[in-house]
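This is what each chain is made of:
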Amino acid sequence: MRLLATAAIVLALAGCATQRPRYSAQVIDRVLADAPYEAQPGKVVAAESAFARMAREEGQWTAFREFSAEGAIIHGRNGPIDARTWLAGQKDPEQAVQWGPRAVWLSCTGDVAISRGRLVDADGMVGTYVTVWQRQSDDSYKWVYDVGTLDDPQPPAAEKPGPDEIVVSGMDLVRGHVADCREAAGPPPPPMPEGLYPEGTRQGGGQARDETLRWNWLQLADGRRVFTSYILRDGTWEAAAKLDIPPAG
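Here the structure is a predicted model, which is why all the values come from computation and not from measurement.

Caption draft 1: Here's a closer look at the nonpolar core. Judged by nonpolar contacts, the single largest core of 26 residues is most densely connected at Phe51, Trp99, Trp133 and Trp143. Of all the secondary-structure elements, those providing two or more residues to this core are α3 (41-58), α4 (60-66), β1 (68-76), α5 (83-87), β3 (98-106), β4 (112-120), β5 (126-135) and β6 (141-150). Looking at this core element by element, the count peaks at seven residues for α3. Dropping the residues within four chain positions of it, Trp133 is found in contact with Val44, Ala47, Glu48, Phe51, Asp111, Val112, Ala113, Ser115, Tyr141, Lys142 and Trp143. Residues Trp105, Val112, Tyr145 and Ile231 belong to the second largest nonpolar core, which totals 22 residues.

If you want it as structure tokens, here you go:
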């Protein structure tokens, strides 16, 4: 249905072959660039897979630098830090963390995406991460926010996934969620769910240009870190990726 809707939009803009086009080629190109079919979870999974592969083959922090967007932040234990500034002074560890997404959420037009997945470190400890992605002018995806934590307690050794199980090799293992598109002249999205936070809490976040995917991070005074996100579906906000990390996490 989304492909058919996009085709209808393009035909309406271009007009038939025997008539003078109602809109310029540049306008049509912009419609195609932001068309709903651009919101494809597979593109984000491909970017994440390339990111993880570079970490394994060329070095962990080398990959983080290469795939970071301007202004990207890493949410560490003491709060978010500027990623590129911090990464500039880091040497690649001998063995990189390995990871793979389990679910991806995209805005209607695909300009912002959020992935949530599992990781395993060099010592075999497993955990969970969340990454926010932003589509660039060349149609590639770069990450703008990253947070992760190890499981506490760790699962029993017999139940721990190995590196081969962590790294996703097939699209059938990843759940994709795409936001509903808003009508240009339609009503604004409903208010976001609000929470009450203790004094001293720092927070930040962002949203897609089309306002169909939003995300928020919190750094509480006691060291607790919280990531929440919401996707617009059926006229209301649905919870998307979430990660709540205790102070020692």
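Caption draft 2: Summary view of the sheet that holds strand β8 (residues 202-207). Overall, antiparallel pairing links the four strands, which are arranged β8-β9-β10-β11 in an open sheet. A single partner strand is all that each edge strand has here, and the edge strands are β8 and β11 (236-245). When strand polarity is set aside, the average angle formed by the axes of neighbouring strands in this sheet is 15°. Taken together, the seven bridges between strand β9 (residues 213-219) and strand β10 (residues 225-233) define a ladder with antiparallel strand orientation. By the bridge assignment for β10, Leu218 is matched with Val226.

How each quantity is defined
Residues numbered from 1 in each chain as written. Predicted model: local features only at pLDDT ≥ 70, side-chain atom pairs only at ≥ 80, totals over all residues. Heavy atoms only, no water. Core = buried A, V, L, I, M, F, W, Y, C linked by side-chain atoms within 4.5 Å. Buried < 20%, exposed > 50% of the residue type's maximum accessible area, 1.4 Å probe, protein only. Helix = DSSP H or I, 4+ residues; strand = E, 2+ residues; numbered from the N terminus. Contact = heavy atoms within 4.5 Å. Pairing = 2+ DSSP bridges. Axes fitted to C-alpha atoms, helices over the stretch in contact; angles between N-to-C directions.

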